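# Structural features, examined
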Amino acid sequence: MKGKPLKAVKVSFDPERCKGCGYCSFVCPKHVIGFSENFNSRGFHYAFLNDPEKCIGCGFCALMCPDIAIRIEVINKD
Amino acid sequence: MKGKPLKAVKVSFDPERCKGCGYCSFVCPKHVIGFSENFNSRGFHYAFLNDPEKCIGCGFCALMCPDIAIRIEVINKD
Amino acid sequence: MGEKLLMTGNEACGEAAIRAGCRFFFAYPITPQNELLEYMARRLPEVNGVFLQSESELAAISMVYGASAAGKRVMTASSACGIALMQEGISYLAASQLPCVIVDVTRAGPGLGRIAPSQSDYRQATRGGGDGDYNVIVLGPASVQEMADLTFLAFDLADKYRNPVMILADGMLGQMMEPVILPDPLNLDKLPMKPWALTGAKNRRRNLILAAPYTDEELIALNEELNRKYRAIKAREQLWENIYMEDAEIVVVAFGTSSRIATEAVENARREGIKVGMIRPVSLWPFPEKAFKGMDTSVKVYLVVEMNNGQMIEDVLLSVPDKSIVYHVGKGGGWRPTPRLIYEEIIKLWRRRLTI
Amino acid sequence: MGEKLLMTGNEACGEAAIRAGCRFFFAYPITPQNELLEYMARRLPEVNGVFLQSESELAAISMVYGASAAGKRVMTASSACGIALMQEGISYLAASQLPCVIVDVTRAGPGLGRIAPSQSDYRQATRGGGDGDYNVIVLGPASVQEMADLTFLAFDLADKYRNPVMILADGMLGQMMEPVILPDPLNLDKLPMKPWALTGAKNRRRNLILAAPYTDEELIALNEELNRKYRAIKAREQLWENIYMEDAEIVVVAFGTSSRIATEAVENARREGIKVGMIRPVSLWPFPEKAFKGMDTSVKVYLVVEMNNGQMIEDVLLSVPDKSIVYHVGKGGGWRPTPRLIYEEIIKLWRRRLTI
Amino acid sequence: MREWKEKIVMAGFGGQGIMLMGKLLAYAGMFEGRNVTWLPSYGPEMRGGTANCMVIISTGRIASPYIVEPSSIIVMNQPSLDKFEKAVKSNGLILVNSSMVNRAVERRDLKVFKVAASELAEDLGSVHVANMVALGAYVKVKPIVKIESLEKSLSSVLPVYRRDMLKLNRRALKLGFREALEVEGETS
Amino acid sequence: MREWKEKIVMAGFGGQGIMLMGKLLAYAGMFEGRNVTWLPSYGPEMRGGTANCMVIISTGRIASPYIVEPSSIIVMNQPSLDKFEKAVKSNGLILVNSSMVNRAVERRDLKVFKVAASELAEDLGSVHVANMVALGAYVKVKPIVKIESLEKSLSSVLPVYRRDMLKLNRRALKLGFREALEVEGETS
Amino acid sequence: MKRFTRPRSMTDEMVPYCPGCGHGIAIRLIGEAIDELGIQGETIGIAPVGCAVRSWRLYRIDMMQAPHGRGPAVATGLKRALPEKIIFSYQGDGDSAAIGLAELIHAALRCEKITVFMVNNAIYGATGGQMAPTTLIGQYSTSYPEGRDPGLVGYPVKMAELIANVSRNSYSARVAVNNAKNVLSAKKAIVKAFRTQLNKLGFSFVEILSPCPTGWKMTPVESLNWIEKEMIPEYPLGEYSTPKNL
Amino acid sequence: MKRFTRPRSMTDEMVPYCPGCGHGIAIRLIGEAIDELGIQGETIGIAPVGCAVRSWRLYRIDMMQAPHGRGPAVATGLKRALPEKIIFSYQGDGDSAAIGLAELIHAALRCEKITVFMVNNAIYGATGGQMAPTTLIGQYSTSYPEGRDPGLVGYPVKMAELIANVSRNSYSARVAVNNAKNVLSAKKAIVKAFRTQLNKLGFSFVEILSPCPTGWKMTPVESLNWIEKEMIPEYPLGEYSTPKNL
Ligand SMILES: Cc1ncc(C[n+]2csc(CCOP(=O)(O)OP(=O)(O)O)c2C)c(N)n1
Ligand SMILES: Cc1ncc(C[n+]2csc(CCOP(=O)(O)OP(=O)(O)O)c2C)c(N)n1
Ligand code: SF4
Ligand code: SF4
Ligand code: SF4
Ligand code: SF4
Ligand code: SF4
Ligand code: SF4
Ligand SMILES: [Mg+2]
Ligand SMILES: [Mg+2]
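Residues numbered from 1 in each chain as written. Chains lettered and ligands numbered in written order. Predicted model: local features only at pLDDT ≥ 70, side-chain atom pairs only at ≥ 80, totals over all residues. Heavy atoms only, no water.

### So, the overall build of chain E
Helix and strand counts for chain E stand at six helices and seven strands. The secondary structure elements of chain E, listed N-terminal to C-terminal, are β-α-β-β-β-α-β-β-α-α-α-α-β. Relative to its length of 188 residues, chain E is compact, with a C-alpha radius of gyration of 15 Å against a globular reference of 16 Å. With respect to the principal axes defined by its C-alpha atoms, chain E has extents near 40 × 40 × 40 Å. When the 188 residues of chain E are sorted by exposure, 59% land in the buried category. Taking all contacts inside chain E whose residues are at least 6 apart in sequence as the whole, residues at least 24 apart take part in 59%. For chain E, the computed accessible surface area is about 8,000 Å², with 50% contributed by carbon and sulfur atoms. Side chains of chain E give 26 positive and 19 negative charges; the mean places of these two sets differ by 7 Å. (Helix = DSSP H or I, 4+ residues; strand = E, 2+ residues; numbered from the N terminus. Rg over C-alpha atoms; globule rule 2.2 N^0.38 Å. Buried < 20%, exposed > 50% of the residue type's maximum accessible area, 1.4 Å probe, protein only. Contact = heavy atoms within 4.5 Å. Areas by Shrake-Rupley, 256 points an atom, 1.4 Å probe, with all protein chains shown as cover. Lys, Arg positive; Asp, Glu negative; His and termini not counted. Charge placed at Lys NZ, Arg CZ, Asp CG, Glu CD.)

### Considerations on the coordination of the magnesium ion (ligand 10)
All names here are of chain H. Bound to the magnesium ion (ligand 10) on the protein side are Asp-93 (OD), Asn-121 (OD1) and Ile-123 (O), at distances that span 2.0 to 2.2 Å. Here the donor residues for the magnesium ion (ligand 10) map to a single chain with the spacing D-x27-N-x1-I. Of the two residues, Asp-93 is situated in helix 3 (residues 93-99) and Ile-123 in the loop between strand 5 (115-120) and helix 5 (150-153); the sequence distance between them amounts to 30 residues. (Donors = N, O, S within 2.8 Å, 3.2 Å for Na, K, Ca; no water.)

### Description of the site of ligand 6
Near ligand 6 lie 14 residues; those nearest to it are Cys18(B), Cys21(B), Gly22(B), Cys24(B) and Cys65(B). Considered class by class, the residues forming the shell around ligand 6 number ten nonpolar, two polar and two charged. (Near = heavy atom within 4 Å. Nonpolar A, V, L, I, M, F, W, Y, C, P; charged D, E, K, R; others polar.)

### So, the sheet that holds strand 3 (residues 62-66) of chain H
In spatial order, the strands read 10(C)-3(H)-2(H)-4(H)-5(H)-7(H)-6(H)-8(H); together these eight strands make up an open sheet with mixed pairing. Unpaired on one side and paired on the other, strand 10 (208-209) of chain C together with strand 8 (238-241) of chain H mark the two borders of the sheet. Across the face of the sheet, helix 9 (residues 220-234) of chain H comes into contact with strand 5, strand 6 (170-176) and strand 7 (203-209) of chain H while running at roughly 135° to strand 7 of chain H. (Pairing = 2+ DSSP bridges. Axes fitted to C-alpha atoms, helices over the stretch in contact; angles between N-to-C directions.)

### Side note on the coordination of the magnesium ion (ligand 9)
Of the protein atoms, only Asp93(G) (OD), Asn121(G) (OD1) and Ile123(G) (O) coordinate the magnesium ion (ligand 9), at distances of 2.0 to 2.2 Å. Within one chain, the residues donating to the magnesium ion (ligand 9) are spaced in sequence as D-x27-N-x1-I.

### Focus on the interface of chain C and chain D
Across the boundary between the two partners, chain C contributes 57 residues, which contact 57 residues of chain D. Our count for the contact surface shared by chain C and chain D stands at six salt bridges. Ionic pairing is found between Glu224(C) and Lys331(D), a salt bridge with its closest N-O pair at 3.1 Å. The interface formed by chain C and chain D includes 36 residue pairs in polar contact (both at pLDDT 80 or more). Residue assignment for the side of chain C that touches chain D shows that the elements contributing at least two residues are helix 4 (81-95), strand 6 (114-117), helix 5 (122-126), helix 8 (216-236) and helix 11 (312-319) of chain C. In terms of residue count, helix 4 of chain C provides more of the side of chain C that touches chain D than any other element does, eight residues in total. Classifying every residue of the side of chain C that touches chain D gives 22 nonpolar, 22 polar and 13 charged. (Salt bridge = Lys/Arg side-chain N within 4 Å of Asp/Glu carboxyl O. Polar contact = N/O pair within 3.5 Å; in protein donor to acceptor, adjacent residues only side chain to side chain.)

### What to know about the sheet that holds strand 13 (residues 276-281) of chain C
All names here are of chain C. Overall, mixed pairing links the five strands, which are arranged 11-13-12-15-16 in an open sheet. The outermost strands of the open sheet, each flanked by one partner alone, are strand 11 (240-243) and strand 16 (325-330). Averaged over neighbouring strand pairs, the angle between their axes works out to 20° when direction is ignored. By the bridge criterion, six bridges tie strand 15 (residues 301-306) to strand 16 in an arrangement that is parallel.

### Remarks on the confidence of the model for chain A
Averaged over every residue, the pLDDT of chain A is 88; residues scoring 70 or more account for 87%. Across chain A, the secondary-structure element scoring lowest on mean pLDDT is strand 2 (residues 33-39) of chain A, at 90, and the one scoring highest is helix 1 (residues 23-27) of chain A, at 98. (pLDDT = per-residue confidence, 0-100.)

### Description of the pairing of strand 2 (residues 35-40) of chain F
All names here are of chain F. Burial within strand 2 is extensive, with five of its six residues counted as buried. Bridging between strand 2 and strand 3 (residues 50-58) involves six bridges; their strand directions are antiparallel. Its bridge partner being in strand 3, Val-36 is matched across the sheet by Ile-57.

### Focus on the site of ligand 2
The environment of ligand 2 is formed by 25 residues, the closest being Glu57(D), His23(H), Asp93(H), Asp95(H) and Gly125(H). Nearby residues place ligand 2 at the junction of chains C, D, F and H. Residue Glu57(D) places a side-chain N or O atom 2.5 Å away from a nitrogen atom belonging to ligand 2. In this structure, Asn121(H) approaches ligand 2 through a side-chain N or O atom, which is 3.0 Å from an oxygen atom. Bound to the protein, ligand 2 loses 100% of the 590 Å² it would expose on its own. The element contributing the most residues to the shell around ligand 2 is helix 3 of chain H, with three residues.

### A few points about the packing of aromatic side chains
A ring pair, where both rings are aromatic, is described by two values, the distance of the centres and the angle of the planes. In this structure the tally under the stated criterion is 32 aromatic pairs over all chains. Seen from their ring centres, Tyr122(D) and Phe255(D) are 5.6 Å apart, and the 50° between their planes marks the pair as tilted. Placement of the pair is Tyr122(D) in helix 5 (residues 122-126) and Phe255(D) in the loop between strand 12 (250-253) and helix 9 (256-271), with a sequence separation of 133 residues. In this structure, Tyr122(D) and Phe255(D) share a single accessibility class: buried. The interplanar angle of 65° and the centroid separation of 5.9 Å between the aromatic rings of Tyr27(F) and Phe31(F) together place this pair among those described as edge-to-face. Linking Tyr27(F) with Phe31(F), this pair stays in helix 1 (residues 18-31), spanning four residues, or about one helical turn. What makes Tyr27(F) buried here is its relative accessible area of 14%. Through pairs of rings, three or more aromatic residues link up here, namely Tyr59(G), Phe88(G), Phe117(G) and Phe194(G). Taking the ring centre of Trp196(C) as reference, the NZ or CZ of Arg162(C) above it sits at 4.2 Å. (Phe/Tyr/Trp six-rings, centres within 6.5 Å; stacked < 30°, edge-to-face > 60°. Lys NZ or Arg CZ within 6 Å of the ring centre and 35° of its normal.)

### Focus: the pairing of strand 5 (residues 100-108) of chain D
Residues and elements named next belong to chain D. Here strand 5 lies mainly inside the structure; nine of its nine residues are buried. As defined by bridge partners, strand 4 (residues 74-78) adjoins strand 5 across four bridges and the pair is classed as parallel. Following the sheet pairing, Ala-77 is matched in strand 5 by Val-103. Each parallel crossover has a hand, and for strand 4 linked through helix 4 (residues 81-95) to strand 5 it is right-handed. Bridging between strand 5 and strand 8 (residues 164-170) involves seven bridges; their strand directions are parallel. Its bridge partner being in strand 8, Val-105 is matched across the sheet by Ala-169. Of the pairings in the sheet, the one linking strand 5 to strand 6 (residues 114-117) comprises two bridges and is antiparallel in character. Directly across from Arg-107, in strand 6, lies its bridge partner Pro-117. The turn joining strand 5 and strand 6, which pair antiparallel and follow one another in sequence, is formed by five residues; a positive phi near 65° is taken by Gly-111. (Right-handed = clockwise from strand over helix to strand, strands pointing away.)

Here you go:
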């Protein structure tokens, strides 16, 4: 997971779990995470992948997420 | 007080305070402390100086006495 | 007399302590007492006082023990399980006849519990949870004004009797704001003399503060002395408030926060012509037995309202005349009665009163 | 039934615990409880049990908390100020509904006090000194035989109600020797099942032991559940002994060591034809109210004898019928009544009984 | 003088300045010689979720500071409306921060007002003063204290490090006072 | 069978084996089917000074194990005589270890016996068995238990590391039994 | 195949912490370690008072609470009762280094075969930001709003070093969860701590430097930077003791 | 001229300890130090629970007791109230290293300007000889009659080193009172500890290895030898930290 690009991964954010702390976007080497203008039901501007194509699936975002709101699936591997 | 002989000292034991622990006699370099066959009022065989002449007044006995039963007076020193 | 200020109960308590000459505060954080601690943290340095956050409640009450022995007016504060940890220390203070003020901003128990306001520390406060035959004077404020006034009084009582005094509040009283007029600050030089205090035995015989005398006989004698003192306190220091008691046939008994809620119910019932009154114990130890002694014997029915499972009710039962009937409304765990609930209980008793 | 042995109360208590299936003992030294600790230190390794001397009473009760959560029969012991330090932990155990047995070999307080036997922990034991609305079952043995029997019973009650049980003894009961017949050892495999215990959540849903539920509502519900349990215990588990009660006109009330001394006085008075009887509370919480309820109404005079300043007397006052007159003999601090003193009090009351 | 007692619950997300809004109202009440109480929903032992506070202003003595049946509520977000709508007493009042509440008030026995507090506050330059906008709007529709008393009280209530915001807060109060709107067709 | 109750206080210096002496007597009483209690003066929190223990042996039930008015006392040293002489009940008994007590008993209403327990024990080879000498003497002058019961009980009472002293203790008991002496002219 | 997902040993509950709270990361890492070692059914967790107390909601394992500071003593009771189970206590820095210091050090002295995780956020989070024993010199707290002054209240305590010093046969390490690299090392230390217990080698302790944006009155991202710039220099990361045979 | 006599700062009371108890020596040395420094009228002593508690009988200075283990916290209260007075707490090893460990270490962390004397007799004397945290491996005690087994109850704690490690600006030393030479060094350390406080330099701590013949079930003289042969090798004598400017 040392930042090496993985192919064909799907990074998904759970908007209801997200508290908008910004850790994911802070550590994302590709700066592909943005925040919604809307509030979720708990009053947070939640994170989302604003440029999925550029995501290299390094997983840093998920490693840092305190709310386990990020899920990474490897789709096409092996 | 490093064991150097002092002249003309008087070492006195308080038999009522003594609990017969034996520390004084244990540390006495001159082995001049003995124990009474009698009990004091608290049931202890108390210590006494059985050969005052040999005492060098080093004070070790008093240093070690847990019951402050030993008193050392310097008599002839200036 | 100063101006009217809007303050929380925790702040009013802290400020009143400072005005009573308290310059030493040792405490450990716990919700809902924190605002008091934080108030003292800000204010004490301004008056050259000492605020020290201790490593635990055990340490806090021990620091209080030390500062009190030095003759200083000193306070600590905690809540519920934190007070439980102080029980040994409080018993030592009582045994050593040392004054101090302990504030319990109660939260709901048992155990860790939750931070909701509660009165479930009544027994812990008034019965002592430490070992031995001792008593702590316990005062139960019911407003921000009383958070100030009773704290101020507490320091005087503590010094007068050389005994710990506890303020038994709760999270609601601690955190609500109301207008308050604070007592005028005491002149530190005019505080009571304490010839017994430890200040270094220069030019006088040594002073000793002992939680255990040296012989069995002395310990028994100490206990007798304490007992005499407690009897004197019982005789002299009972405090309570009567509300609509002149012609009451039903009497609600409640203290602190629950008395505020009950007052609303009593007022509503009065508006409908129901002869209900209220006794509000202000001193919880000594319990105001006298409030019940002079009672018109036509009062036979009491309704004790507590935010707990029934603790003060024992004191009420011990105080009311024979043949009285005592009911209880209350639950533990942070439950809060509504004025309506109490009102309905009053109505029920009113309807039944003729058949009792 | 085994043979008659001569044992100290501390030893009998320890051995009975082991026979009740207790294999875990965590405690901190304190006089006059030490012989119990030392007995467990010798005996537990022989039965593959765990004896661990903890670094403090706080740690001891916390270790008890852990071992009890694991579903084990576990005990701790202390005295007076050591029990005070356990108050928070005991409140946690009660809140978490965990069984355990706590032995208080009381010494005289308050504070550090002295090691003379005393009953001044009555309030500390029966009123809880921890926070919140909780109760601990308290048993008061009066002989070495009861040190064994009530300890044995304590483990059953603790498991039955998932609640801490305290043995309230004192230094005299702990250190005296009397012949005792010990209960037969229980088979460890036949101890009550504890499906709630923490044993690792393999192949089942997780178990949780909580001293604080997650919501305010749940904490109130927990308190109601506890309250129902305590009411059930009050209804079912009152224990007491009647002595010469058939035709008694004066009733002495005493427990534990003071009841032994009082018995001698009562016997002496009986020998002179004085109609005096005795109620000896064995369960101190729940207090045996029932002993007083069925009472012949001709009994109007009670004499409470305690080795303290008047603690159980509150429970007696709460239990006796209206119009009863209740006297107290007692002092704190390690004072011990003599049979003669009590006898003289009985005689005084006997002479005055017609004028009362 | 007519006797009256107003029981107001203010609610919103943590961070919306709910406590401050309540304090300001209580202060203003005190300055006008009323009896007042202010009670926070408290405890930092649990973060997130909604915060609320209860203010009572009365000409007579106030028994319990805890409000079971508010005469008014000011709801700064949707969860707060969900939580408190049912509690309001009949013929009571709801003031809604329409920037953060999407749904309509369901009860038909209440007076309902709205103000786009968050948006108006952003227009003023800081979403943080939405609370003042709402409070200004509230005293417009329920004149239990004068807006001038609120303005005067501001300096006692604002934490020291926010004193530079005094002006902005005053403007927000006034803006709210102007912009309060009765919600037509929703009152009975 | 005649009902009787004997209340014995034993007292001496710490280290004279006072507790053991009491335990042995209590054991023997139990073996003979009596009710017994044994109560030490306790507590290592304070060392030095005198130690005592209280033993009651009775055909009936024993209420309090604490003895206020002993029917017998066995005093192994002088401070103990000073402390307990006054308490003994009229017509009671005092057994004095005459090796360690110099003064005479003052009370005239008691039976007084003596035995030179410490000296006799030293003769046997160990001053540590003075307690057994005294106990042997006691049951001679007050035969509440048989000396055989004492001998039998010894193995239950002696701590494990002293089991090698069994024989010596037995001999001490017997010697005391033989050597007890009534103090003439002192009884009333 | 899933690459990153909620650990099996964790429940589906919402994480009950403030935005950006490091507890969420630390708790997840422990969950991952439990999964990795396959000890979910054998592990019992203790959640003492502090923000840590809410951790019980997040694990699909047997759990209990503990009085403030007494986690190591409760863990001792559990471990002595169930020597084959894996027992951990998950505590705050106030909990372990202030009120519970004696219990923690004594568990370490006894080489009790338990694991203690201490979340060092240099503050009392749960009670609203008072000074902790770990608060840095000069750092703001609600009880010392002028910043910690060593002349008045002394110096921060270094727990990982202290434990390593007093305890023979212990694993003691300090880690941080302020960036992805440190999170990965943190996970390794957590696994090693459990291994120390699994192999019955001795006591194990991991101090986890962790953000408390609420207590620090910072944004979450500012908190991460503050850990890097202020905390780590004062609390160096690394392993301070490793038992033989680990 | 008197050469050796009862210190002026001491009362005439009998020493309330067992024959050969080291408390008597330690207490006298503190008395001599008080005399020497001329601080009798400025000094306040604290006697927490343990055999130490009886020390109040022996000083002609203001004294108070303290709950078991809480001496350093009580001393803190006194010192904060009376910053110009000299405050010392005279404690046992069980008192300081078991139940009172947190209070002691926190006083040290705070660099509280007080002095703590800890009599290390490797046992709980007052309660009749149970194991203390300082009991040596294999040593008999009434609670571990087979001797201390580190596998069950861990290792002895080294307080002088621990205090030196955690506390900046502290004086920390270990001395013994088992022979005349060591008694003389003990006295020096005691004086230095007081000096640390007098000069407001920081916390001071002296651990005093001391015989407890009763607890050890030895004769007094055997006890002195045991200290030399068993205790000192495990607990090396010396100064472990000295504040700058002392
Ligand atoms: C006996 C007791 N004292 C105090 C408290 C209040 N309290 C709850 S959490 C806490 C401290 C929390 O700080 P820390 O351990 O650092 O955990 P954090 O919340 O920072 O993770 C305190 C003092 C309590 N619950 N019990
Ligand atoms: C809270 C509390 N727990 C236990 C005791 C009993 N106790 C008295 S002294 C003591 C230990 C004494 O050992 P130490 O501190 O080493 O002093 P020493 O007597 O050996 O000098 C204990 C456990 C007590 N008095 N208070
Ligand atoms: S996986 Fe890596 S690149 Fe993709 S969003 Fe997360 S941190 Fe950014
Ligand atoms: S790290 Fe998690 S909680 Fe924080 S913003 Fe990203 S997804 Fe949301
Ligand atoms: S002064 Fe020295 S020589 Fe004289 S008795 Fe004492 S120790 Fe012996
Ligand atoms: S050292 Fe003191 S107490 Fe011990 S025998 Fe000598 S004089 Fe007696
Ligand atoms: S207060 Fe701090 S530690 Fe607690 S949940 Fe919030 S951020 Fe986390
Ligand atoms: S028990 Fe030990 S420490 Fe206590 S007085 Fe006796 S010898 Fe000294
Ligand atoms: Mg923290
Ligand atoms: Mg010791």
